[in-house]
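The residues making up each chain are set out below.
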Amino acid sequence: IRRRASCGEVLNSFFEEPVLSVRQICERTRISHKTAQAVLGELMDRHLVYEVTQKGKGRVYACGPILQAIFNYK
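Residues numbered from 1 in each chain as written. Predicted model: local features only at pLDDT ≥ 70, side-chain atom pairs only at ≥ 80, totals over all residues. Heavy atoms only, no water.

1. Remarks on the overall build of the protein chain
Keep this limit in mind: Numbering of helices and strands starts at the N terminus; helices are DSSP runs of H or I of at least 4 residues and strands are runs of E of at least 2. Buried residues are those whose accessible area, probed at 1.4 Å on protein chains only, stays under 20% of the maximum for their type, while exposed residues exceed 50% and partly exposed ones sit between those limits. Contact between two residues is taken to exist if any of their heavy atoms lie within 4.5 Å; hydrogens are not considered. Computed with the Shrake-Rupley method and a 1.4 Å probe, the accessible areas treat only the protein chains shown as cover for residues. We score Asp and Glu as negative and Lys and Arg as positive, and we do not count His or the chain ends. Note on charges: their place is set at NZ of Lys, CZ of Arg, CG of Asp or CD of Glu.
A tally of helices and strands in the protein chain yields 4 helices and 3 strands. Projecting the C-alpha coordinates of the protein chain onto the three principal axes gives extents of approximately 30 × 25 × 20 Å. For the protein chain, the proportion of its 74 residues judged to be buried stands at 34%. The contacts of the protein chain with a sequence gap of at least 6 include a subset with a gap of at least 24, amounting to 40%. Entry remark: accessible area of the protein chain is about 5200 Å², with carbon and sulfur atoms responsible for 51%. The average position of the 12 basic charges and that of the 7 acidic charges among the side chains of the protein chain differ by 4 Å.

Shown next, in the form of structure tokens:
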């Protein structure tokens, strides 16, 4: 149940800003860095979010469906 609630919080934060760093997600949702990474992994598995940066620290993620809806972007 907690994971589902965290997924909802993370997804809601992408509606405010469709491209976010893990740190920004943690600040907005008040969930731990570890939980944020776990949720982002699950959202990536479902093809809702993808990593933009491809690096270890300071990772940035984008929510594809939101970007597509706004900019007709894939």
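Now, onward.
2. Some thoughts on unusual backbone geometry
Phi is positive for Arg30, which is not a glycine, with a value near 60°. Within the secondary structure, Arg30 is located in the loop between α2 (22-29) and α3 (33-45). Of the residues examined, Arg30 reaches a relative accessible area of 78% and is grouped as exposed. Despite not being glycine, His47 shows a phi value in the positive range, around 60°. Following the sequence through the fold, His47 ends up in the loop between α3 and β2 (49-51).

3. Section: the nonpolar core
Applied cut-off: As used in this record, nonpolar core signifies buried Ala, Val, Leu, Ile, Met, Phe, Trp, Tyr and Cys residues forming a set joined through side-chain atoms within 4.5 Å.
Counting 16 residues, the largest nonpolar core has Val10, Phe14, Ile25 and Leu40 as the members making the most contacts within it. Among the elements that make up this core, the one with the highest residue count is α3 (4 residues). If sequence neighbours within four positions are ignored, Val10 has contacts with Ile25, Thr29, Ile31, Val39, Leu40 and Leu43.

4. Side note on the pattern of salt bridges
We count it as follows: Think of a salt bridge as a Lys or Arg side-chain nitrogen and an Asp or Glu carboxyl oxygen that are within 4 Å of each other.
For the coordinates displayed, the defined rule picks out 5 salt bridges. As a salt-bridge pair, Arg28 and Glu17 come within 2.7 Å of each other at their nearest N and O atoms. Of this pair, Arg28 sits in helix α2 while Glu17 sits in the loop between α1 (2-16) and β1 (19-21), placing them 11 residues apart in sequence. Put simply, Arg23 and Glu27 hold a salt bridge, and the shortest N to O gap is 3.8 Å.

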